[in-house]
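# Working through the structure, step by step
One letter stands for each residue in the lines below.
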Amino acid sequence: MRKRFFAALILVASLLVASGPVLAHHGASGYDMDKDTILKGTITDFFWTNPHGRLEFSATDAAGNVQAWIVETGPPSRLVETGWTRHSLSVGDKVTVHFHGAKNGSPRGILIKVVLENGQVLENRA
Amino acid sequence: MRDRFAASIVVIAGILLLAGLAVAPALSAQVGAPSATAKNQDADHVDLSGVWGNLGGSVAPAGKSQPESIYRMSPKGTMKDVGTPADGVPYQPWALTKMNSERPPAGPHATFDNTTDPNIQYCELYGVPRIYNSPSKFKFVQTPEAVYILYEYGVVWRVIWLNRKHSADPDPSYMGESIGRYEGKDTLVIDSIGFNDKTWLDSTARPHSEKLHVIERIRRVSQDKLELALTIDDPGAYTATWSYPTRTVASATDFAKEVWPCSVRENNEFNESAIKPTVTPTK
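Residues numbered from 1 in each chain as written. Chains lettered and ligands numbered in written order. Predicted model: local features only at pLDDT ≥ 70, side-chain atom pairs only at ≥ 80, totals over all residues.

### Structural notes on the nonpolar core
Of all hydrophobic cores here, the largest spans 41 residues; its most connected members are Trp52(B), Ile131(B), Tyr151(B), Leu188(B) and Tyr238(B). Mapped onto this core, the elements with two or more residues apiece are β1 (51-53), α3 (93-101), β4 (146-151), β5 (156-162), β7 (187-193), β8 (213-222), β9 (225-233) and β11 (247-252) of chain B. Counting residues in hydrophobic clusters, the runner-up holds 28 residues, among them Ile70(A), Val114(A), Val59(B) and Ala274(B). (Core = buried A, V, L, I, M, F, W, Y, C linked by C-beta atoms within 7 Å. Buried ≥ 20, exposed ≤ 12 C-beta atoms within 10 Å, placed from the backbone. Helix = DSSP H or I, 4+ residues; strand = E, 2+ residues; numbered from the N terminus.)

Pasting the structure below:
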């Protein structure tokens, strides 16, 4: 029985790893998918574009320095599935941005979700 | 022991259920769809009406499974085996060398920068069967003489001429020349030749030659599910015919609410602003 149990687990594990990540058509190897970054900031621009959208925002770090961030989203054809429109974000909006940051430490990332000041949550699809 | 085995089944079922959540949003999006999955049971051939796609789920926080493609990339092995003898693909030596010289967006050697992906670099069409690698939707338009397949990704379409023979010498093209026939009441079989050699078979950079011959078997297994079986016959690049594992395609909604065109200008802007900084040392 123990052998059957482990054989079943191995089967499940192989099924899970045999398929490939569907994240972004360019892949996600530049991002640290094992770490979440959460920043409060102000939208400075929002691009409803292909191959991916992107939101740009400024956030102040612990030392008081203002940093400009660019975080990519899925394409509009995916974002509409979770309620986004091209008007979802406007310059000046106060937001909380959840994302996976760039591995090299640059102020870039791929969005997990953005929370608007009114509490609306917009999830990313990539 | 029996209890432990039963418990293991429950655990496995739970894991599979959680894995299935990656595609659940696409399925749940069917609610309210205007007859998207209507199936004409009286037709003498399969009714492929509806909207179809493999859309995955949302980008997940750390520690949770990221959206997975439900398309397995190889007959054997795991993603890390792609491009090795363990993947079960009968590469000719030149094809394997070429594949491993590429910088693809997916697979064990996925890279983020300086990609050689002809679609990302030049907006060249994905071709067949790579068009099914995209997490986007597609739709069939069935007429007596042909089936048209409309793809959101690339905003591209194909015509599948029914019950005809191939041209004697079709001009090589990105999407090839396709003919089709219905098989039974649930399957459309598409036979395609006439490809150029500029596209990849999939996003792991598997190459092909102009001798590529693709057979797609599309079977409607239920109101909201298709099975897609892809067979690759390319004596110019592979030593034998081989097939991808059969893929399941779920029904979706809102076809072409937004499409996914390719623009070199937009690709370059995105690359400069979002991608390049992540691969350039900043310190």
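Structure's up, so let's keep going.
### Concerning the environment of Leu89(A)
All names here are of chain A. Tracing the backbone through its elements, the reader meets Leu 89 in the loop between α2 (76-79) and β5 (94-101). On the basis of neighbour count, Leu 89 is assigned to the buried category, with 23 C-beta atoms found within 10 Å. For the pair formed by Leu 89 and Trp 69, sequence separation is 20 residues and the distance between their alpha carbons is 15 Å. Ignoring anything within four residues of it in the chain, the contact list for Leu 89 reads Ile 43, Phe 46 and Leu 55. (Contact = placed C-beta atoms within 7 Å.)

### Description of helix α5 (residues 264-279) of chain B
In α5(B), a bend of some 45° at Asn271(B) exceeds every other bend along the element. Within α5(B), the full set of buried residues consists of Asn267(B), Phe270(B), Ala274(B), Ile275(B) and Thr278(B). Close packing links the buried residues of α5(B) with β3 (54-60), β4 (66-72) and β6 (108-116) of chain A together with α4 (118-122) of chain B. (Bend = angle between axes of the 7 residues up to and from the residue.)

### Digging into unusual backbone geometry
Each neighbour pair has its own omega, and for Asn50(A) with Pro51(A) the value is 0°, a cis peptide bond. Mapped onto the fold, Pro51(A) is located in the loop between β2 (37-47) and β3. Backbone torsion omega between Val128(B) and Pro129(B) reads 10°, so that peptide bond is classified as cis. Mapping Pro129(B) onto the fold places it in the loop between α4 and β3 (137-142).

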